[in-house]
Amino acid sequence: MITVALPKGRIAEETLDIFTEIFNRKFKFEGRELIMEVGDFRFLNVRNQDVPIYVERGSADIGVVGLDVITEKRLNIVKLLDMNIGKCRVAIGIKQEDEIDWSRPNIKVATKMVNITEQYFAKKAMGVEIIKLYGSIELAPLVGLADAIVDIVETGNTMRENGLKVAENIMESSAHLIANKNSYYAKKDEILSLYEKINRVVESRV
Ligand code: PRP
């Protein structure tokens, strides 16, 4: 049995579609169920940010999670495969009419992604005051809570509709298959066999 932690929503659905394509049977969470068992697999339906916790602590053998989350949380896991789904970028957003003045000594940034933000501004040698938020990040510059945001941009609609623009791109992200370190050794054959099957589907779609 392999336990797979999936991030609720589109990435979970797209991952289950890949399983359906591989094993030619239905993999789907029904209603509000949080655990689903099909054949040799058990799937956990968890919040995006929580996937690494289940995998790192071994409650799941493998999981699917964005590179942004992997980078932010500095995880002690095995990174297996870029699944080429859930593509987005992490970017700095500011108000349409603003520019970032890099000569300023510091900047106030609202974000969920504290570590990525800290690292980026350290590289730019600019002091940063980070305001940690949990969602609706785009609101912060509009009400003067922050000068800028660091957030996920997918279509760019959220920023556009709120009068913000991308000032700089920080990183590209997409969903990656990760494994718990112990599981990766204890269940190496099963995990590698699954890895190869998923890889074949991912490559066939490029
Ligand atoms: C994410 C992100 C942006 C939005 C970007 O939020 O934080 O707000 O998606 O997508 P877009 O460029 O296609 O508009 P999410 O929907 O995950 O909600 P959250 O604010 O609760 O994180």
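Calculation notes
- Residues numbered from 1 in each chain as written.
- Predicted model: local features only at pLDDT ≥ 70, side-chain atom pairs only at ≥ 80, totals over all residues.
- Heavy atoms only, no water.
- Patch = residues over 30% accessible without salt bridge, like charges linked within 9 Å, V, L, I, M, F, W, Y side chains within 5 Å.
- Areas by Shrake-Rupley, 256 points an atom, 1.4 Å probe, with all protein chains shown as cover.
- Salt bridge = Lys/Arg side-chain N within 4 Å of Asp/Glu carboxyl O.
- Lys, Arg positive; Asp, Glu negative; His and termini not counted.
- Charge placed at Lys NZ, Arg CZ, Asp CG, Glu CD.
- Helix = DSSP H or I, 4+ residues; strand = E, 2+ residues; numbered from the N terminus.
- Buried < 20%, exposed > 50% of the residue type's maximum accessible area, 1.4 Å probe, protein only.
- Domains from an automatic or database assignment.
- Contact = heavy atoms within 4.5 Å.
- Buried area = accessible area lost by both parts, 1.4 Å probe.
- Polar contact = N/O pair within 3.5 Å; in protein donor to acceptor, adjacent residues only side chain to side chain.
- Nonpolar A, V, L, I, M, F, W, Y, C, P; charged D, E, K, R; others polar.

Student: What is the right way to read a positive patch on the surface from this model?
Tutor: Positive charge collects at one region of the surface, where K8, R32, R47, K73, K112 and K132 lie side by side. Within the element layout of this structure, R32 appears in the loop between helix 1 (10–23) and strand 2 (35–38). Here R32 falls in the exposed class, since its relative accessible area comes to 80%.

Student: Would you mind going over the domain arrangement of the chain with me for this structure?
Tutor: Domain boundaries assigned for the chain yield domain 1 (2–86 + 174–205) and domain 2 (88–173). The centre of domain 1, based on its C-alpha atoms, is set 29 Å off from the matching centre of domain 2. Taken together, the contact between domain 1 and domain 2 spans 10 residues of the former and 13 residues of the latter. A combined buried area of about 890 Å² lies between domain 1 and domain 2, and 43% of that area is made up of carbon and sulfur atoms. Three residues stand out in domain 1 for area buried against domain 2, namely D68, E72 and R74, and they jointly supply 58% of the buried area on that side. Summed over the shared surface of domain 1 and domain 2, the number is one salt bridge. A salt bridge links R10 to E154; its shortest N-O distance comes to 2.8 Å. For the pair domain 1 and domain 2, the interface holds seven residue pairs in polar contact (both at pLDDT 80 or more). Broken down by element, the residue count for the side of domain 1 that touches domain 2 peaks at four residues, all from helix 3 (residues 67–73). Residue classes in the side of domain 1 that touches domain 2 are distributed as one nonpolar, five polar and four charged.

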